[in-house]
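# Topology and contacts: notes
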Amino acid sequence: MKILLKHFFFQLSLVILLLNLSMCKNKDVLSFKVNKIGDIEKPERVFLVESFNKTLVDPSAVEILNFLPKKFSKIGDVDYTNEIQRALDKNRNIIFPNFPILINDNGLSISSNSTLYFRDKSLLKLKSSNKGSYSILKINNVDNVKIFNPKIEGDRYRRYDTSSKIGEWGMGISLRSSTNITIYNPEVSNCWGDGIYFGMGSIDKPNFNIKILNALLWNNRRNGISIITGKEIFIDQPQIESTYGTNPQAAIDIEPNKPIDLLQQINISNPYTKNNAGYGILIALNSMLDYNKHHININILEHKDVNSKYGLRVAGVISKPKLERLEGSINFVRSNFYSEYENGEPFLFNPNYGLLPVITLEKVNIENKTDKIKDYLNSKIVEDLKMNNIFIID
């Protein structure tokens, strides 16, 4: 069943760019249900990626093997954090070995002007931790970094105290106040918090010109991707599945922490979200509101969600006297929602949208095996959404 939503003039140059990067075809593999307990197998990739190719590596790149001790372990059972950090500090082009490496919750810090290459069987595996907050790969306050095919595994099932629920900020990759960063084909799973986190660093500036291409993120506890602040953020073909454990349990959560956070030119193309306990995509902007004007721009093209509780949620805001309405736009183009569960719903809109910018959805397709879909054609709901700057045409 299809719902045609109001047409709008989307920036032509952005559409051309996004469409050029969306040549791969999707395929559905229905498997995990969000109430499953225990480790979850790596999903089959929906979008194809290239494997490690030595011919594309910078000739000056240094093997991390040269920094490991003699008779090093190849099974990821010995902590080599210090050795790897020393290699990263002394060299700007690094090749990771073709086996798993154990690191501790101090994580690894990346320097400016670095390029990292991960082989097909490379893996950064987090040692058991009880910290509520950590970052395995830290890209903080740096510029000009490229990372190829990083694979990261958190400690979700290796906590020292498996009954403890302390914290929700264990990140696979953290990007804070960094500029000109590109990460190709990252795989992040089993983190205590988020797979990838965009936040503010110690120098109070947003991330700028960040590209995440072909990410595969699964079984992370809080979110697949959290975008707190950024300008010119481009995420293409992220595949995010089985996010569950602590709220909001979203594949992608766009949610600033405070009014100084920026959300400008946030462009996400071809996100594939599946079996997330909360949301495929969540946008929550309440913390950005204050008594000054702020401009945001979020564009999401060809989102496909399969069997998440809600495919999409744009949260309402708490209205207070004299708060300034957010300027800008939130645009969705060609979204597709599919659910085979009775409690699965394509999208959730709450009251109190008066302080948000206009939210425009174009050409949404909904397939649902229950009768709940009829609710989304109810004329009263359509009129209520119009009053809140969300325009739906049946």
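Parameters at a glance
- Residues numbered from 1 in each chain as written.
- Predicted model: local features only at pLDDT ≥ 70, side-chain atom pairs only at ≥ 80, totals over all residues.
- Heavy atoms only, no water.
- pLDDT = per-residue confidence, 0-100.
- Contact = heavy atoms within 4.5 Å.
- Helix = DSSP H or I, 4+ residues; strand = E, 2+ residues; numbered from the N terminus.
- Buried < 20%, exposed > 50% of the residue type's maximum accessible area, 1.4 Å probe, protein only.
- Pairing = 2+ DSSP bridges.
- Polar contact = N/O pair within 3.5 Å; in protein donor to acceptor, adjacent residues only side chain to side chain.
- 1 Å grid on protein atoms, 1.4 Å probe; cavity = no way out; pocket = protein on both sides within 12 Å on 5 of 7 lines; lining within 4 Å.
- Points joined across faces, edges and corners; volume = space filled by probe spheres on them.
- Nonpolar A, V, L, I, M, F, W, Y, C, P; charged D, E, K, R; others polar.
- Salt bridge = Lys/Arg side-chain N within 4 Å of Asp/Glu carboxyl O.

## A short note on the confidence of the model for the chain
On average, residues of the chain score 84 in pLDDT, and 81% of them reach the 70 mark or higher. Of the regions scoring below 50 in pLDDT, residues 1–37 engages in 92 contacts with residues more than four places distant in sequence or in other chains.

## A look at unusual backbone geometry
The amide bond that connects Asn 247 to the next residue, Pro 248, takes the cis arrangement and shows omega of 10°. Of note, the phi angle at Asp 204 is positive, near 55°, even though the residue is not glycine. Mapped onto the fold, Asp 204 is located in the loop between β14 (194–199) and β15 (207–213). We classify Asp 204 as exposed; its relative accessible area is 52%. One non-glycine residue with positive phi stands out, namely Arg 334, at about 55°. The topology assignment puts Arg 334 in the loop between β27 (327–333) and β28 (336–339). On the basis of relative accessible area, Arg 334 is assigned to the partly exposed category, the value being 28%.

## Things to note about the sheet that holds strand β2 (residues 62–63)
Spatial ordering of the open sheet is given by β2-β3-β6-β9-β12-β15-β18-β21-β24-β27-β30, a layout of eleven strands whose pairing is parallel. In this open sheet, the two edge strands, each paired with only one partner strand, are β2 and β30 (358–362). Two strands pair when backbone bridges link them, and strand β24 (residues 295–301) and β27 are joined in this way by seven bridges, in the parallel orientation. Its bridge partner being in β27, Asn 297 is matched across the sheet by Ser 329.

## A look at the environment of Lys 293
As for its position among the elements, Lys 293 is in the loop between β23 (279–283) and β24. You can call Lys 293 exposed: its relative accessible area is 54%. Sequence separation between Lys 293 and Leu 326 is 33 residues, and the spatial gap between their C-alpha atoms is 6.4 Å. Non-local contacts of Lys 293, meaning those with residues more than four positions away in its chain, are made with Glu 324 and Glu 327. One polar contact links Lys 293 to Glu 324, side chain to side chain, over a distance of 3.1 Å.

## As for the sheet that holds strand β26 (residues 310–314)
Hydrogen bonds along the backbone pair up the strands of a sheet, which may run parallel or antiparallel. Strand order in the open sheet made by the nine strands is β5-β8-β11-β14-β17-β20-β23-β26-β29, with parallel pairing throughout. The open sheet is flanked by β5 (108–109) and β29 (345–349), the only strands paired with a single partner. As defined by bridge partners, strand β17 (residues 223–227) adjoins strand β20 (residues 250–254) across four bridges and the pair is classed as parallel. Paired with Ile 225 across the two strands is Ile 252, which belongs to β20.

## Remarks on empty space enclosed by the protein
Tallied over the entire structure, the rule returns one cavity of 30 Å³ or more. The computed volume of the largest cavity comes to approximately 60 Å³. Asp 305, Ser 308, Gly 311, Phe 337, Tyr 338, Ser 339, Gly 344, Glu 345, Pro 346, Ile 366, Glu 367 and Asn 368 are the residues that line the largest cavity. Those elements that provide at least two residues to the lining of the largest cavity are β28, β29 and β31 (364–368). Classifying every residue of the lining of the largest cavity by side-chain character gives four nonpolar, five polar and three charged.

## Some words on the pattern of salt bridges
Using the criterion set out here, one finds eleven salt bridges in the structure. A salt bridge links Glu 168 to Arg 222, with the nearest nitrogen and oxygen atoms 3.3 Å apart. A residue pair is termed long-range when its members are at least 10 positions apart, and Glu 168 in the loop between β10 (151–153) and β11 (169–176) and Arg 222 in the loop between β16 (216–218) and β17 qualify at 54 residues. In this structure, Glu 327 engages Lys 293 in a salt bridge whose closest nitrogen and oxygen atoms are separated by 3.7 Å. With Glu 327 in strand β27 and Lys 293 in the loop between β23 and β24, this pair connects stretches of sequence that are 34 residues apart. A relative accessible area of 35% means that Glu 327 is categorised as partly exposed. A single network of salt bridges, built from pairs that share partners, joins Lys 42, Arg 45 and Glu 187.

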